[in-house]
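Chain by chain, the residues:
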Amino acid sequence: MQKFIAIFKARNIEFLRDRATLSWNFIFPVLLLVGFSFVFSGDGKALYKVGILDTQATELKKEPSSFIQLEHLEFVNYQQAKKAILKVDQHKIDLLVDFSQQQYWVNSTSSKGYIVEQLLLAKHPEMQRSQTTGKPIRYIDWVMPGILGMNMMFSCLFGVGYVIVRYRKNGVLKRFQATPLSAFEFLAAQIASRLLIVVTVTSLLFIGCNFLFDFYILGSLLNLFIVAILGASSMIALSLLIASRSNSEEFTGGMLNFISWPMMFLSGVWFSLEGSPAFVQGFAQIFPLTHMLSAARAIMTDGASFSDIADHLIILSLMSVVFLAAGSWLFNWNGEKG
Amino acid sequence: MTDILQIKNLSKKFSETIAVNDISFNVKKGQCFGLLGPNGAGKTTTIEMMEGILKPTAGEILFNGHPIDKSYYHDIGIQFQHTAIQDYLTVGETLDMFAKFYTRTLSKAKLIEMCALEEIANRDTRKLSGGQRQRLLLALAMLNDPKIIFLDEPTTGLDPQSRRNFWQLIEKIKAENKTVLLTTHYMDEAESLCDEILIVDKGKIIQQGTPKAMLKEHFSGVIALLPINVQEKINRANIPYSVIKQQIEIESENIEQTIKQLLESEVSLEGLQVRSPNLEDLFIKLTGHKLRS
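Residue numbers run consecutively from 1 along every chain, following the written order of its sequence. The naming scheme follows written order: chains are lettered A onward, ligands numbered 1 onward. It should be noted that, the model being predicted, local features are given only for residues of pLDDT at least 70 and side-chain atom pairs only at 80 or more, the latter also being counted only at that level, while totals for whole chains, interfaces and linings use all residues.

## Concerning the sheet that holds strand S5 (residues 66-67) of chain B
All names here are of chain B.
- Two strands pair under a simple rule: DSSP has to find at least two bridges between them. Helix numbering and strand numbering both begin at the N terminus, where a helix is a DSSP run of H or I of at least 4 residues and a strand a DSSP run of E of at least 2. Pairing in this open sheet of 4 strands is antiparallel, and the strands run S2-S1-S4-S5 from one edge to the other. A strand with exactly one partner marks an edge of an open sheet, and here the two such strands are strand S2 (17-28) and S5.
- Summarising the sheet, strand S1 (residues 3-14) and strand S4 (residues 58-63) pair through 5 bridges and their orientation is antiparallel. Following the sheet pairing, Leu5 is matched in S4 by Phe63.
- Contact between residues is assigned whenever the C-beta positions, reconstructed from backbone atoms, fall within 7 Å. To obtain each axis, a line is fitted to C-alpha atoms, and for helices this fit is confined to the stretch in contact; angles are then taken between N-to-C directions over 0 to 180 degrees. Sheet strands in contact with helix H1 (residues 43-50) are S1, S2 and S4, and its direction is about 125 degrees off that of S1.

## Regarding the interface of chain B and chain A
- With 21 residues of chain B in contact, the opposing surface of chain A contributes 20 residues.
- Grouping the amino acids of the side of chain B that touches chain A by side-chain chemistry returns 13 nonpolar, 4 polar and 4 charged. Residue polarity is assigned by list, with Asp, Glu, Lys and Arg as charged and Ala, Val, Leu, Ile, Met, Phe, Trp, Tyr, Cys and Pro as nonpolar; anything else, Gly included, falls into the polar class.

## Remarks on the confidence of the model for chain B
- When pLDDT is averaged along chain B, the result is 86; 98% of the residues meet or exceed 70.
- Confidence metrics for the complex model read pTM 0.73 and ipTM 0.78. Scored from 0 to 100, pLDDT reflects the predictor's confidence in each residue.

## Considerations on the pairing of strand S10 (residues 204-209) of chain B
Residue and element names in this part refer to chain B.
- Where strand S9 (residues 196-201) lies against S10, 5 bridges are found, and the strand directions are antiparallel. Bridge pairing links Leu198 to Gln208 in S10.
- Adjacent in sequence and paired antiparallel, S9 and S10 are bridged by 2 residues, among which Lys202 carries a positive phi angle near 50 degrees.

## Things to note about the packing of helix H6 (residues 139-170) of chain A against helix H8 (residues 183-213) of chain A
Residues and elements named next belong to chain A.
- Relative orientation of the contacting elements H6 and H8 amounts to 155 degrees, with a least axis distance of 10 Å. The angle between the axes of H6 and H8 places the two elements in the roughly antiparallel class. Read as a crossing pair, H6 and H8 show a hand that is right-handed. Facing H6, whose interface residues are Ile140, Met144, Leu148, Met152, Ser155, Cys156, Gly159, Val160 and Ile164, H8 presents Gln190, Arg194, Val198, Thr202, Leu205, Phe206, Cys209 and Phe213.
- Split into classes, the residues belonging to the contact of H6 with H8 amount to 12 nonpolar, 4 polar and 1 charged. Any angle between 65 and 115 degrees counts as roughly perpendicular, while under 35 counts as roughly parallel, over 145 as roughly antiparallel, and the rest as oblique. Note: crossing handedness is left-handed where the near helix turns anticlockwise from the far helix by less than a right angle, and right-handed where it turns clockwise.

## Focus on the environment of Ala81 of chain A
All names here are of chain A.
- Examined against the element boundaries, Ala81 turns out to sit in helix H4 (residues 81-89).
- With 15 C-beta atoms packed within 10 Å, Ala81 lands in the partly exposed category.
- Sequence-wise, Ala81 and Leu96 are 15 residues apart; in three dimensions their C-alpha atoms are separated by 9.1 Å. Residue burial here comes from a neighbour count, namely the number of other C-beta atoms, placed from the backbone, that lie within 10 Å of the residue's own C-beta, with 20 or more meaning buried, 12 or fewer meaning exposed, and in between meaning partly exposed.

## A closer look at unusual backbone geometry
- Phi is positive for Asp214 of chain A, close to 50 degrees, though the residue is something other than glycine.
- With 12 C-beta atoms counted inside 10 Å, the residue Asp214 of chain A sits in the exposed group.
- Of note in this structure, Tyr88 of chain B is not a glycine but carries a positive phi near 70 degrees.

## Some words on the pairing of strand S5 (residues 128-132) of chain A
- Along S5 of chain A, only 0 of the 5 residues are buried, which leaves the element largely exposed.
- Read from strand S4 (residues 103-107) of chain A through helix H5 (residues 111-123) of chain A to S5 of chain A, the crossover connection turns out right-handed. For a crossover, the right-handed case is the one in which the path from the first strand over the helix to the second runs clockwise, viewed with the strands pointing away from the viewer.

## Some details on the sheet that holds strand S3 (residues 95-98) of chain A
Residues and elements named next belong to chain A.
- Within the open sheet, the 5 strands sit side by side as S2-S1-S3-S4-S5. Their pairing is mixed. Two strands bound the open sheet, and with one partner strand each, they are strand S2 (73-78) and S5. When strand polarity is set aside, the average angle formed by the axes of neighbouring strands in this sheet is 25 degrees.
- Bridge analysis of strand S1 (residues 48-53) against S3 gives 3 bridges, and the strand direction is parallel. Paired with Gly51 across the two strands is Leu96, which belongs to S3.
- Of the strands in this sheet, S1, S2, S3, S4 and S5 touch H4, which is tilted by about 35 degrees from S4.
- Set on the sheet, H5 makes contact with S1, S3 and S4; between it and S3 the angle comes to about 30 degrees.

Encoded structure:
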């Protein structure tokens, strides 16, 4: 155990004293978030979005003079009232109408909701008003898990894989090999150290950015923390697998880029894959980042419980175990072939 | 003295290249054993197999009569030819970290004193000079109070003063009755430090013995050195010689007779030097080329 602690401590000291890397780990995601908050602060859309509980929408089509005939309104059908009301809370839709109950819901803090409400009452003055409150979900609320997830991904992949290959190339691993330290103790310490660093940095960033941007968080922070730990573990294990044998930084850098770039674009860091071809959505499921971001967003914006995200957590755990087992099996101290 | 290491029919093949070809020898407890050979002779491959770093293609290595395993690392210390240590740690922190790997260690104070690390104990390892770095690597090799210390070209790249200082450190280690396995390019180093020498070339052993015995076996007199400009006259005198480093070298069993012969052939004796044969002469005689060729 003391061998594990010695390597764990040394790796943490190395990270903390490498000021440039440490600063970049904090500055990069904050810069991205600040940039996005400015770029997407305005609301350029002229369209109003109205939710209609499904069964009534069918009946409404029979009434040509009804509210639904108005132009520049987009109508979305919902089957579950609870889910639809949550959308009003989150400003994802401007108004929710239930024609069967002669009732509508509007968010009292939404200016767009007020406009659409006036349009509805002009056509259907008999409608009963129900009021909700809730902050709008901004793009920054949606993109924040993506940016933190991307930062975690780069930190896990390059902070472990690249470092191990560099250690192998310049002989640090050979020096460790010539001691009673086992490969398992060395790898376990690398994982633990990087996990501690990544989760600490991400938590501090999350707290700091939440202070700045007041993120929309509906679910449990503990569940979010569990997602972060499992997500980081799976990506560190993936990195160990990639770096298990090579002693070429160029090759490993290429491999890490080959993995990280598709993961960044297909895992939903910047935009949702909803509406993309089914095979693309299916392919994205092979990446740990996809599962981490899906679970994190479900917790934050939909208030998903532990059982709601259990499938993602199981997949992340399995990925961690499989990648780590393969990486440990293939691991070579000095890159000697055969 | 008993054999602490026994090397039996050791071979190493990399793809189609045979780096070490069926070599066998023993290392006695408490001696400084030198492994010499030109670049590419197979000495680093041999020593790395003896350290347990490289897996032999064939053959076996016995430590105190038993095949080596991971526990072997509790009893040996290694200073590699090419290695690095983790960045951003101080010399003291590096010693502390490595000390945690072993069940038995020398005290940090003793190591620092022994390897003259007092002034750099709190220095970042990235800011060490070549000599300071080698002293730290030697301290790491000594940390577990090993029975055998492997030193793979420990003074390569050091200035003459640092080399001499390093020799003194090795003498201290020898005085503690530890077994030292040394590879070096420097013949004066091997001659000064080693009790027994093994010369390898092209993966094979070409000579083994004490430096004195080997020199006695291959040389029976002294070596006379003359400037290259007398080569023509020496050719006429029919005296056997070799040209090394742009100098005429004549091996002579009777130097008075050789000088008389030279004078009779009107060879100028200006610049004549006479010295005893050394390991470098032996090495050239045996391998046909210089160590750094």
